[in-house]
Amino acid sequence: MNFGGKVVIVTGASSGIGAKAAEFFCREGAKAVLVATNETKLKNISEKCQMAGGNHIVIKADVSNDEDAKKIIETTIKEFGRIDVLVNNAAVGRYGSILDGNFMKSYDESVHINLRAILQLTCLAAPYLVKTKGNIVNISSVASFTSPNGTVGAYGLLKAALNYFSRTAAAELGSSGVRVNTISPGPVYTDIIKNSGARFTFDQLKSTTLLNRVCEPDEIADIILYLASDKAKGITGSNYVVDNGTLLK
Ligand SMILES: NC(=O)c1ccc[n+]([C@@H]2O[C@H](COP(=O)([O-])OP(=O)(O)OC[C@H]3O[C@@H](n4cnc5c(N)ncnc54)[C@H](OP(=O)(O)O)[C@@H]3O)[C@@H](O)[C@H]2O)c1
């Protein structure tokens, strides 16, 4: 897939799925914009992008902060002059159930990052995406379709809302030539569990899948690149499930 001359924003590019997608976009010739808050991790991924041969910039920004969201778009336009692809990947895991008393806490701590930031960045990037007939890839989760345990309620709720918003955005922006697609992974080996402070491990999640395995980040990054590429020119409003058969269990 050739992304030569294309400008791609990847949020949550300091870790896991976003880091691998940023590296792959650079390998395929894109001008990548790496967005996250952890400078040490961003520096590490920036070096990988450099080695992959890509022209890229790093923007330290909290996607849930409106001023930072504006900074992401304005800096991209100032540096590269256009936006072809927006990958809304940044999210946090916050867990709590109704009866354990932490449901509202888990919702409040994640709604601005996992949902509002995506709505905001979509609105800010859309005029530029219309100019390039570009596209958006949103990273959701199989948790948006089913709650495998009682503590992912708020996380799944926000991902379900993201699925709805993705279809809404696809419907509105399609007539302007902008595609919007979603990917719903099952478990993927990343830092998300560690970052959330949860007690379970990815290996414990293997048994929740039909294929008894957990994906690697590059499996999801490959699909991000495919959906963002011209090979997917006929695909919009889709939701690609990559879950090792979790939904069939
Ligand atoms: N791993 C899985 O099993 C799995 C399954 C289904 C869906 N997903 C989804 O996949 C996406 C990527 O997650 P991951 O598994 O790769 O997790 P991860 O390794 O924890 O990476 C999350 C990324 O989001 C960034 N981020 C978090 N809060 C941010 C904020 N306020 N502003 C800017 N960046 C922020 C983090 O960067 P900083 O810490 O540097 O800010 C990091 O780069 C998420 O949407 C997640 O919901 C993951």
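Anything mentioned here points back to the structure above.
First, a word on scope: everything that follows refers to the structure included in this document. In this convention, every chain numbers its residues from 1, walking through the sequence in written order. Confidence filtering applies because this is a predicted model: local features only for residues at pLDDT of at least 70, side-chain atom pairs given and counted only at 80 or more, and all residues used for totals across whole chains, interfaces and linings. Working from all heavy atoms in the structure, the side-chain values ignore hydrogens and water.

## Quick look at the site of the ligand
Phase 1 of the analysis: As a matter of local geometry, the ligand sits amid 31 residues, with Ser15, Thr37, Asn38, Tyr155 and Thr190 nearest to it.
Phase 2 of the analysis: Exposure was quantified through the Shrake-Rupley algorithm and a 1.4 Å probe, taking into account, for residues, occlusion by the shown protein chains and nothing else. Contact with the protein chains covers 93% of the free accessible surface of the ligand, which is 890 Å².
Phase 3 of the analysis: Only protein atoms enter the 1 Å grid used here. Points where a 1.4 Å probe fits but cannot escape make up a cavity, open sets with protein on both sides within 12 Å along at least five of seven lines make up a pocket, and a residue lines them when an atom lies within 4 Å of a point. Throughout, a molecule is located in a cavity or pocket provided that more than half of its atoms lie within 2 Å of its grid points. When atoms are counted within 2 Å of each cavity's grid points, the one that captures over half of the ligand is the largest pocket.
Phase 4 of the analysis: Contributions of two or more residues to the shell around the ligand are made by α1 (16-27), α5 (153-173) and α6 (192-196). Residues are classed as near a molecule or strand on a simple rule: at least one heavy atom within 4 Å of it. Strands here are runs of E lasting at least two residues and helices are runs of H or I lasting at least four, both read from the DSSP assignment and numbered beginning at the N terminus.

## Digging into the layout of surface pockets
Picture a little ball the size of a water molecule; that probe, rolled over the atoms, points out where space is still empty.
Phase 1 of the analysis: Roughly 1,100 Å³ of internal volume is contained in the largest pocket.
Phase 2 of the analysis: Lining the largest pocket we find 47 residues, and of these Ala91, Gly93, Tyr155, Thr190 and Ile192 sit closest to its centre.
Phase 3 of the analysis: For the lining of the largest pocket, the secondary-structure elements that each account for two or more residues are α1, β2 (31-36), α5, α6 and α7 (202-205).
Phase 4 of the analysis: Per-element accounting of the lining of the largest pocket gives the leading share, 4 residues, to α6.
Phase 5 of the analysis: Residues are grouped as follows: nonpolar covers Ala, Val, Leu, Ile, Met, Phe, Trp, Tyr, Cys and Pro; charged covers Asp, Glu, Lys and Arg; every other residue, Gly included, is treated as polar. The residue inventory of the lining of the largest pocket, partitioned by class, reads 24 nonpolar, 18 polar and 5 charged.
Phase 6 of the analysis: Grid points are joined across faces, edges and corners, and a volume is the space filled by probe spheres set on the points. Counted as a void, the second largest pocket has a volume near 190 Å³.
Phase 7 of the analysis: Surrounding the second largest pocket, Ser14, Ser15, Gly16, Ala19, Lys20, Glu23, Lys41, Asn44, Ile45, Lys48, Asp191 and Pro217 form its lining.
Phase 8 of the analysis: Only α1 and α2 (39-51) provide two or more residues apiece to the lining of the second largest pocket.
Phase 9 of the analysis: Grouping the constituent residues of the lining of the second largest pocket by class yields 3 nonpolar, 4 polar and 5 charged.

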